[in-house]
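# Geometric and topological summary
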Amino acid sequence: MKKPREIIKSPDFQVFLFLLGFFLFGKPFLDMITSKPDQSSFLFLLLTWSILIILLFVISIFVGEDEGK
Amino acid sequence: MINIWVILIISLLYMVGLFLIATFTEKRNIKISPIVYTLSLAVYCTSWTFYGSVGKAATSGLIFLTIYLGPTLAIILWWIILRRMVRIKNTYKITSLADLISIRYDKSRGIAVIVTLITFAGSIPYFAVQIKSILSTFEVIAKPGSAGSFLSSNSFGLFIVILLILFTILFGVRKLAPTEHHKGMVMMFAVESIVKLLSFLAVGIITTFVFFDGFDQIFNFLPQESLQTLFRVSEENSNPYITWMSWLFLSMTAIQFLPRQFHLAVVENEDEKHIRTAMWLLPLYLFLITIFVIPIAGAGILSGLPIEKADTFVLDLPIIQNNPALALLVFIGGFSAATSMIMVSTMTISTMVSNHLILPFTKNNTISIIIKKRILQVRWLVVVLVIFMGFFFQKLIGDSQILVNIGIISFAAIAQFAPTIIGGLFWKRGNKAGAYLGLISGCLIWIFTMVYPILANAGWLSAQILNNGLFGISFLKPEQLFGFSGLDPISHTLFWSMFFNISLYFLGSILFQQNISEQFIAEDIFSILTSKSAQSLSPQKEHFLLSEKIRVVEIFLNEYLNPKETKIKIQKCLELCQIENKKKISITELVEFHHEVEKVLASVIGAAAAREAFQNTIQLSNSETTEISQVYSEILTKLKIPITEIKRKIEYYQEREELLIAHGKEIKQKSQERDQLLKAKQETEQALKQSETDFIRFFESVPIGLFRSTPSGQLININETFVHLLGYANKNEVLQTNALDLYVNPNDRQKWQEIIQNLDKDYETIVLLKRKDGSTFWAELKYKAFSNLKSEVQFYDGTVEDISEKIQHDKEQTAKFEISEALQHSETPENMIPVFLEKTLKLLPANSALMSFVESSEIDWVLCTENAFSTQILTTSKFFDLRTRRELTNINENKIYQRNYQEHILFDTLGFLDVDFLAGIPLGFEEGKIGVAWIGRKERFSEDDIRLLGIISEIVQSNIHQAILHKQTQKRLENVQALHKIDLAIASSLDLRLTFDVLLSQVIEQLNVDAADILLYDPSIRSLEYAAGKGFFSDVLKSTFINLNEGYAGIAASNRNIISVPDLREDTGGLPRDTILDKEHFITYFGVPLIAKGQVQGVLEIFNRSKLSPDNEWTNYLETLAGQAAIAIENALLFEDLQNTNRNLFQAYETTLEGWARALDLRDKETEGHTQRVTEMSIKLAKKYGVSKDSLEHIRRGALLHDIGKMGIPDKILLKPGPLDEEEWIIMKKHPVYALRLLAPIPFLENALDIPYCHHEKWDGTGYPRQLEGKEIPIAARIFSIIDVWDALCSNRPYRPAWTKEKALSYISEQSGKHFDPKIVQAFIQLYPEKF
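Quick caveat, the model's predicted, so the values are computed rather than measured. (Residues numbered from 1 in each chain as written. Chains lettered and ligands numbered in written order. Predicted model: local features only at pLDDT ≥ 70, side-chain atom pairs only at ≥ 80, totals over all residues. Heavy atoms only, no water.)

## Considering the overall build of chain A
This is how it is decided: Put simply, DSSP marks the helices as runs of H or I at least four residues long and the strands as runs of E at least two long, and each gets a number from the N terminus on. Relative accessibility decides the category of a residue: with a 1.4 Å probe and only protein chains considered, values under 20% of the type maximum give buried, values over 50% give exposed, and everything between is partly exposed. When checking whether two residues touch, look at their non-hydrogen atoms; a contact exists if any pair is within 4.5 Å. Method for areas: the Shrake-Rupley scheme with a 1.4 Å probe, in which residue coverage is limited to the protein chains shown.
A count of helices and strands for chain A gives four helices and zero strands. The burial tally for chain A puts 46% of its 69 residues in the buried class. Considering only residue pairs separated by 6 or more positions, chain A has 59% of its internal contacts joining residues 24 or more positions apart. As displayed, chain A offers around 3800 Å² of accessible surface, 73% of which is attributable to carbon and sulfur atoms.

Right, dumping it as structure tokens:
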């Protein structure tokens, strides 16, 4: 089994994250979690966005580390 | 409100500050950090974002977030997509988005043009928005009238435009090479991004927490309707889902494919690692810059600001809160957002326009030359043009609602690049045709469904198509394409444009084939991420144990080399790789080591075989292969060579390789040809060398002297034979000699001069040359002249051949011929000698010649002397005394005498007075020496002269010998003829006198004597008696009667030896006939006994009146003649005896026959005398009838014996008195048969049988015993029958008396033709009267 590090820096994970983000930022999903327009959807978006930024930060740490050696 | 001048100054200072930062960055070459790089990317947040987000949020809710969420989602894939584009940029040195797409699709200029046009078209409105925002916010913030009429909105706009142009050129278009990094500009954008963010955060924080009491206050105080508006995700009249997703998609594409974003993210990327920072920092930036959008929008609404002007809430809020500093900060922030966007966009567009629109279409004319030289200025012009177009466009649209959505419209335009770029990066089959189709179709759909409706709705274009559809087809209405409704315009456009774009791109790529270069680029781009992206070769780890690698190679090489060689070769390889002192090596060193080893092996077994053997044996492990692949990738990346360049180089190297291979083949072929030529040349050279060697060998060893000389006779080159011919030790000696000096005869030298003067090209001559030792030889010289262009003889090549032998041979042959011809006319040896001497004098030549003969010769010498006038020949006998003669003939071999050195009698005598040299040549043959020929002359006799003399003497000897033999042969022939005559005489006559006469004549003639006689020996009285003689003067010798042992003849007969008395005068020994012979004057006497069959028959005496010196032949001939005489005598005596015997025998026969006849007569008494009578009468009749004389004797004998057969008839019948009865007659008639039986055995009587056997036959055939008829009866019998009947009739018989002759004759006549032959009867009748 691959290590989390290897998984994170793999292109597949990035594609997965992109699809996940696309899904999470997708309007159908937003409607699904928020029946009416209120702050929650905005917060959800901000939260998700923040998580993505964090994940991107983690990814940025690992990707290309082999090439740097 | 703020004073305009303050705004202007601050703005100007801000810009100057940015300029200084940029300049400082570039001057100091400050490295662009990942954060700077990331912040520069925040140029994405333009004034439209800065101001429009709040406005969008206020009117449409959270939809604005898609502008930032989309990029965040896109950034997740940046390590895959952006890094790939950066690599492509690094590889292909691309300068813009158009470049990227163009290069991917086979460097299609058309695609670049389309991309540039789309970008240009999509950017101008965007610029207009940015300029509009600046001007709008300036109007908002500026205190009206604070700057007078000069600084009106238009003037400020132009000022801003100029400022933008200036700074754009200063920051972004200062360098010609767009690929060069604009560090200053990037730094400036980063600063602007910070200013932009800080200002926005400042307004957000201050608004939220200063103007209001935080988020709760804002959201709690907001009306529910406004709150729902703020938190809804789309406009009310559109499909919220589609709109949300459309915007999300558009922003995703925008963050990557907007020209400015592409430029800063890709072109300005110095290190792809910066992407890693950008991946999290840019989303964070976007997050931060949007986090206060909703609060600000809510605060604006709460503050009572008109919702229509929500775009300026950010600026209005500080103003209404009377916070000019914050307002100014916001303005600066917005200003930064706008200017940064304009500058970077303008810069990229100017590059694209100049590179893809202007330069490609200016070819081969003056303008193009100017443009190519002024590309930078052209770009400046484009910058000016673009910014001014943006400015005028914002003036044109004014306050139109279009401006609100202008950003997203641009996004939609840029989104058309997405399928082409993404497909190009990740789908290898995506090709140029698909790109064309996708881009064009997407662009057209974008124009038809988005641009046209906006312009039509704005009233700038006819709305007919908008209302009725294209060509009046409602199905083709721009906003409801194919009857598709219910979508907002953006989503509608995005859907159809992407539908056609992606579909046609896919179809085009499927239906059309990529060319090879496109395939190569696609393959390269597709795999570009698999290579390492290090900017420099990483230090390679040395982890391969060298000893282990050496061991493997050693085992491998030992298969081909001996261990010692292997170690040496490996050591050389290690030294070449400079790893001989290492324990561990890196992968590259390992590969280099293998490469050197392979080269070593190639030198042994050839490159191909070495390669195959190496690949089969020395293989890299997987890890080694991977490592070396990475190294190669790193090297390629490090080289930063665009993929096109690599491709070009690969193609170049492939072509070069092909060319090299072809060239190699050609070289190989030429090499082979050259090798063949070289081989042929070597063979030719070798052949030439061999030929030269052969020629030199031939030149030196050819038995003919070869030379080259100048016309003056100076020898240039000669061969060894030439040296040997002339008797010199070496070539140098000869070469120092002038050829003319070698000539003996001065005339030959003169001839040579004539040859040169006449420029004869070829010449042959025979000259006498002089050897070093002074000896001479005859040489045949052949010259060939070689001339220069002026026809001047340069040199002569010639041959020298020693023809002395040939000359001598010719001379000898001539001598032989002449001497033979001369001697031909001389039959006797005596005649030959003078001829021989005369010719010898001429042939040698010589002055005097003398032939001295041996003692036995009749002549003494023959002298031949020659002077200037004649040749004198003197033949003399008995000149020299015996001693001198013996001395002159007493040499048995050729001998040379020289005056004053060897004394000789001939010097100073005879004709030899004037000679200094004397040659003696003995002449003779088997039978003995003839004599010695003496030749004298002034000059020395050479060997050739001696040899010539020998040849001449041999010929003379041969001729003399032949002459002598001829003479002897003639003599013998005469002797034989004489003997033949004697033989004839002996054979033809038994008369001894005649035989002796012939014999004596031949004796005298052949023996050349004067007289001869023959004395016959009578053994009874043992004495010799004269038989015949000849040549005597008198007949007194006829009475010679000599007893045996008396005189010479008696002694000769007695001793049976020849008695020779050479001189009778000196001999007084008891010859009884001396006195007689004295009268004959005989001197020489020979007495030869005549002996035949051992019996002395007599003596042949020879007399000569001169002295005889008989040789053996004479003596032998004498004996032969004596033998002949003896034979003649013996024959004569034998013949005489034989005659006597025959005679006696014949007499005896005849007597016997007659006796038998008388006996018959006596028995038959009545026929007494009858036989004798009928015999005689028969002979007569036979003669009469003409019978030959020889037959008469047989008739006589037959007649005598005609009734011999009656001896077999009994007496009672024979003597019966009466007639015989029939039986008795039968017996009587048998007597002829009895006669035959009795006489036939006697040969003597063989021819006499006809009468006894046939005399009773009758002419008519009625006789007996054989009843012969006519001429069948032998003639003797027919004759005898008539005589027998006649005698019987005429004789008395007991039974009758004798008939008369007439009656008998009548009867005979009557019986003619019956009993007798009529012709014989006729003869009988004719004979009757005479004989009977």
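Let's pick the thread back up.
## As for the overall build of chain B
If you tally the helices and strands in chain B, you get 51 helices and 21 strands. Across chain B, every contact between residues at least 6 apart in sequence was considered, and the portion connecting residues at least 24 apart equals 68%. Within the structure as shown, chain B displays about 62600 Å² of accessible surface, and the carbon and sulfur contribution to it stands at 55%.

## Things to note about the interface of chain A and chain B
The criterion, for reference: Accessible surface is computed with a 1.4 Å probe, and the buried area is the amount of it that two parts give up when combined, taken over both parts together. By definition, a salt bridge exists where a carboxyl oxygen of Asp or Glu is found within 4 Å of a side-chain nitrogen of Lys or Arg. Polar contacts here mean pairs of N or O atoms no more than 3.5 Å apart (in protein, one a potential hydrogen donor and the other a potential acceptor; neighbouring residues in sequence count only if both atoms are side-chain atoms). Side-chain classes follow a simple rule in which Ala, Val, Leu, Ile, Met, Phe, Trp, Tyr, Cys and Pro form the nonpolar group, Asp, Glu, Lys and Arg form the charged group, and the remainder, Gly included, forms the polar group.
Each partner contributes residues to the interface: chain A has 35 residues there, and chain B has 41 residues. Across the interface of chain A and chain B, roughly 3400 Å² is buried in total on both sides, 77% from carbon and sulfur atoms. If you look at where chain A meets chain B, you find zero salt bridges. The tally of links from chain A across to chain B stands at five residue pairs in polar contact (both at pLDDT 80 or more). Tallied by class, the residues present in the side of chain A that touches chain B amount to 20 nonpolar, nine polar and six charged.

## Structural notes on the pattern of salt bridges
Residue and element names in this part refer to chain B. Going through the model one piece at a time under the given rule, you end up with 27 salt bridges over all chains. Close ionic contact of Glu 812 with Arg 947 constitutes a salt bridge, the shortest N to O distance being 2.9 Å. A residue pair is termed long-range when its members are at least 10 positions apart, and Glu 812 in helix α35 (residues 804-824) and Arg 947 in helix α38 (residues 943-988) qualify at 135 residues. A relative accessible area of 43% means that Arg 947 is categorised as partly exposed. Through salt bridges with shared partners, one network takes in Glu 1150, Glu 1193, Arg 1196 and Arg 1197.

## Observations regarding a nonpolar patch on the surface
Residues and elements named next belong to chain B. Worth spelling out the cut-off: Residues with no salt bridge and a relative accessible area higher than 30% make up the patches, which join like charges within 9 Å and nonpolar side chains (Val, Leu, Ile, Met, Phe, Trp, Tyr) within 5 Å.
A cluster of nonpolar residues, Leu 437, Phe 506, Leu 507, Ile 510, Leu 511 and Phe 512, forms a patch on the protein surface that exposes about 550 Å² of accessible area. With four residues, the single largest contributor to the nonpolar patch is helix α24 (residues 489-511). As for its position among the elements, Phe 506 is in helix α24. Residue class for Phe 506 comes out partly exposed when judged on its relative accessible area of 44%.

## Quick look at the side chain of Ser 852 of chain B
Residue and element names in this part refer to chain B. With respect to the helices, strands and loops of the structure, Ser 852 is situated in strand β10 (residues 848-853). A residue is classified by how much of its surface remains accessible, and Ser 852, at 0% relative accessible area, is buried. When near neighbours in sequence (up to four residues on either side) are disregarded, Ser 852 contacts Asp 860, Trp 861, Arg 885, Leu 888, Thr 889, Ile 930, Gly 931, Val 932 and Trp 934.

## Quick word on the packing of α38 of chain B against helix α39 (residues 992-1006) of chain B
All names here are of chain B. Short version of the rule: Structural elements are reduced to axes, namely lines fitted to C-alpha atoms, with helices fitted over the stretch in contact, and the angle between N-to-C directions of any two is expressed from 0 to 180 degrees. Orientation categories follow fixed angle ranges, with anything under 35 degrees roughly parallel, anything over 145 roughly antiparallel, 65 to 115 roughly perpendicular, and all other angles oblique.
As a packed pair, α38 and α39 sit with axes 8 Å apart at the nearest point and diverge in direction by 170°. One element, α38, and the other, α39, form an angle in the roughly antiparallel class. Counting all contacts with α38, which are made through Lys 971, Glu 974, Asn 975, Ala 978, Lys 981, Ile 982, Ala 985 and Ile 986, the residues of α39 involved are Thr 995, Val 998, Leu 999, Gln 1002 and Gln 1006.

## Focus: the confidence of the model for chain B
All names here are of chain B. Inclusion rule: Known as pLDDT, the predictor's confidence for each residue is given on a scale from 0 to 100.
The pLDDT averaged across chain B works out to 80; a share of 88% of its residues lies at or above 70. Of all secondary-structure elements in chain B, the lowest mean pLDDT belongs to helix α18 (residues 366-373), at 62, while helix α48 (residues 1250-1254) reaches the highest, 91. Segment residues 532-536 is flagged for pLDDT under 50; beyond a separation of four residues in sequence, or across chains, it makes 22 contacts in the model. Taken over the whole predicted complex, pTM reads 0.48, whereas the ipTM for its chain interfaces reads 0.94.

## A short note on the packing of aromatic side chains
Residues and elements named next belong to chain B. Stated formally: Working definition: rings of Phe, Tyr and Trp (its six-membered ring) pair if their centres are within 6.5 Å, and the pair is stacked with planes under 30 degrees apart, edge-to-face with planes over 60 apart, and tilted otherwise.
Going through the model one piece at a time under the given rule, you end up with 41 aromatic pairs over all chains. With centroids separated by 6.0 Å and ring planes inclined at 35°, the aromatic side chains of Trp 496 and Phe 500 adopt a geometry described as tilted. In this pair, Trp 496 and Phe 500 are both assigned in helix α24, four residues apart and thus about one turn of the helix distant. Look at Trp 496 and you get buried, because its relative accessible area is 9%.

## A few points about the sheet that holds strand β7 (residues 762-770) of chain B
Residues and elements named next belong to chain B. Cut-off, in case you're wondering: Strand pairing is defined by DSSP finding a minimum of two bridges between the two strands.
Read from one edge of the open sheet, five strands run β6-β5-β9-β8-β7, paired in antiparallel fashion. Looking along the sheet, the strands with just one partner apiece sit at the ends: β6 (715-718) and β7. Going from strand to strand, the sheet's axes swing by 25° on average, the running direction of each strand aside. Summarising the sheet, strand β5 (residues 705-709) and β6 pair through three bridges and their orientation is antiparallel. Paired with Ser 709 across the strands is Leu 715, a residue of β6.

## So, the sheet that holds strand β17 (residues 1023-1030) of chain B
Residues and elements named next belong to chain B. Read across the open sheet, the six strands follow the order β18-β17-β16-β21-β20-β19; overall the sheet is antiparallel. Among the strands making up the open sheet, the edge pair consists of β18 (1041-1043) and β19 (1059-1061). Taking each pair of neighbouring strands and ignoring which way they run, the sheet shows an average axis angle of 25°. With three bridges joining them, β19 and strand β20 (residues 1084-1092) adopt antiparallel strand pairing. Residue Ser 1060 lies in a different strand from β20, and its bridge partner there is Phe 1086. Together, β16 (1011-1018), β20 and β21 (1095-1104) form the strand contacts of helix α42 (residues 1112-1163), whose direction differs from that of β20 by roughly 45°.

## Overview of the confidence of the model for chain A
Across chain A, pLDDT averages 77, with 77% of residues at or above 70. Ranking the elements of chain A by mean pLDDT puts helix α3 (residues 27-33) of chain A last with 68 and helix α2 (residues 11-24) of chain A first with 85.

## Some words on helix α36 (residues 829-843) of chain B
We count it as follows: Given a helix with a known number of residues, its expected span is that number minus one, times 1.5 Å.
If you check α36 of chain B, its first and last C-alpha atoms are 20 Å apart, about what 15 residues at 1.5 Å a residue would give, namely 21 Å. Residues of α36 of chain B that are buried include every one of Pro 829, Met 832, Ile 833, Pro 834, Val 835, Phe 836, Leu 837, Thr 840, Leu 841 and Leu 843 of chain B, and no others.

## Side note on the packing of helix α4 (residues 39-62) of chain A against helix α14 (residues 274-291) of chain B
Just so we agree on the cut-off: For a crossing to be left-handed, the near helix must be turned anticlockwise from the far one by less than a right angle; the clockwise case is right-handed.
The interhelical angle for the contact between α4 of chain A and α14 of chain B, taken along N-to-C directions, is 160°, at an axis separation of 7 Å. Taken together, the axes of α4 of chain A and α14 of chain B lie roughly antiparallel to each other. As for the relative orientation of α4 of chain A and α14 of chain B, their crossing is left-handed in sense. Across the interface between the two elements, Phe 42, Leu 46, Trp 49, Ser 50, Ile 53, Leu 56, Phe 57, Ile 59, Ser 60 and Ile 61 of chain A of α4 of chain A pack against Arg 276, Met 279, Trp 280, Pro 283, Leu 284, Leu 286, Phe 287, Thr 290 and Ile 291 of chain B of α14 of chain B. A per-class count over the contact of α4 of chain A with α14 of chain B returns 15 nonpolar, three polar and one charged.

## Considerations on helix α40 (residues 1047-1055) of chain B
All names here are of chain B. For α40, the full list of buried residues reads Gly 1047, Tyr 1048, Ala 1049, Gly 1050, Ala 1052 and Ala 1053. Elements that come into contact with the buried residues of α40 comprise β16, β17, β18, β19, β20 and β21. Downstream of α40 by one or two residues, Arg 1056 has phi in the positive range, about 55°.

## A look at the nonpolar core
Across soluble globular proteins, you tend to see nonpolar side chains buried next to one another. Counted only if it meets this: Here, nonpolar core means buried Ala, Val, Leu, Ile, Met, Phe, Trp, Tyr and Cys residues that are tied together by side-chain atoms lying within 4.5 Å of each other.
Membership of the largest hydrophobic core comes to 196 residues, with the highest contact counts inside it found for Trp 49 of chain A together with Tyr 44, Trp 78, Met 85, Phe 331 and Phe 411 of chain B. Ignoring sequence-local partners within four residues, the contact set of Met 85 of chain B consists of Ile 94, Leu 100, Phe 257, Phe 262, Val 266, Ile 421 and Leu 425 of chain B. Ranked by size, the runner-up nonpolar core spans 36 residues in total, among them Leu 837, Met 851, Phe 853 and Ile 930 of chain B.

## Quick look at the environment of Glu 954 of chain B
Residue and element names in this part refer to chain B. Along the chain, Glu 954 falls in helix α38. According to the relative accessible area criterion, Glu 954 is exposed, its value standing at 53%. It is 9.6 Å that separates the C-alpha atoms of Glu 954 and Lys 816, two residues lying 138 residues apart in sequence.

## A look at unusual backbone geometry
All names here are of chain B. The amide bond that connects Leu 844 to the next residue, Pro 845, takes the cis arrangement and shows omega of -5°. Relative to the elements of secondary structure, Pro 845 occurs in the loop between α36 and β10. Here the bond from Tyr 1264 into Pro 1265 is cis, since omega is 10°, no more than 30 degrees from zero. With a phi angle near 55°, Arg 1056 is a residue other than glycine that sits in the positive phi range. Even without being glycine, Lys 1093 reaches a positive phi, approximately 50°. By secondary structure assignment, the location of Lys 1093 is in the loop between β20 and β21. According to the relative accessible area criterion, Lys 1093 is exposed, its value standing at 70%.

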